[in-house]
Amino acid sequence: MTQVCIAAYVYGVVQGVGFRYSTQHQATALGLTGYARNLDDGSVEVVACGEPAQVDRLMEWLKQGGPRSARVDRVLVEPRGVADYPRFDIRY
């Protein structure tokens, strides 16, 4: 089973709308590990690790706008080295 990790930077109205919590719920349901955290520029960083198909499903969900209360303008994705996160967390 090949594992991959990506970092996604999500821009738009993504802070103060439950975005990290919804992302955590979605990622956990997909069996992914990693984290979501707010960045100072108003974006959200999402690091997701797991099976490539499941990571792709999370990326599609992010690009489609995440939770209903959010508005995603763009998502930048870059590969990350594989890391061993115990679960998908929200970081502060």
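Residues numbered from 1 in each chain as written. Predicted model: local features only at pLDDT ≥ 70, side-chain atom pairs only at ≥ 80, totals over all residues. Heavy atoms only, no water.

Student: Would you explain the side chain of Thr-23 in this entry?
Tutor: By the secondary structure assignment, Thr-23 is in helix H1 (residues 19-29). Look past the residues within four positions of Thr-23 in its chain and what remains in contact with it is Val-46, Leu-58, Trp-61, Leu-62 and Phe-88. (Helix = DSSP H or I, 4+ residues; strand = E, 2+ residues; numbered from the N terminus. Contact = heavy atoms within 4.5 Å.)

Student: How should the environment of Gly-31 be read in this particular structure?
Tutor: You can see Gly-31 is positioned in the loop between H1 and strand E2 (33-38). In this structure Gly-31 comes out as exposed when scored by relative accessible area, which is 57%. Linking Gly-31 and Pro-86, residues 55 residues apart in sequence, is a C-alpha distance of 11 Å. (Buried < 20%, exposed > 50% of the residue type's maximum accessible area, 1.4 Å probe, protein only.)

Student: Honestly, the UniProt feature "active site" (unreviewed entry) in the chain in this entry has me stumped. Any pointers?
Tutor: Under the UniProt annotation, "active site" (unreviewed entry) lies at Arg-20 and Asn-38. The named residues occupy 19 residues along the chain; their greatest pairwise C-alpha distance, 7.9 Å, places them in one compact cluster. Inspection of the secondary structure assignment puts Arg-20 in helix H1. The class for Arg-20 is buried, based on a relative accessible area of 14%. Not counting residues within four places of it along the chain, the set of residues in contact with Arg-20 comprises Ala-36, Arg-37, Asn-38, Val-44, Ile-90, Arg-91 and Tyr-92. Structurally, Asn-38 can be placed in strand E2. By relative accessible area, Asn-38 is classed as partly exposed at 28%. Ignoring any residue separated from it by four or fewer positions in sequence, one finds Asn-38 in contact with Val-14, Gln-15, Arg-20, Ser-43, Val-44 and Arg-91. Here Arg-20 takes part through its side chain, which lies 3.5 Å from a polar atom of the side chain of Asn-38. (UniProt positions renumbered as here; feature names shortened; annotations may be inferred. Polar contact = N/O pair within 3.5 Å; in protein donor to acceptor, adjacent residues only side chain to side chain.)

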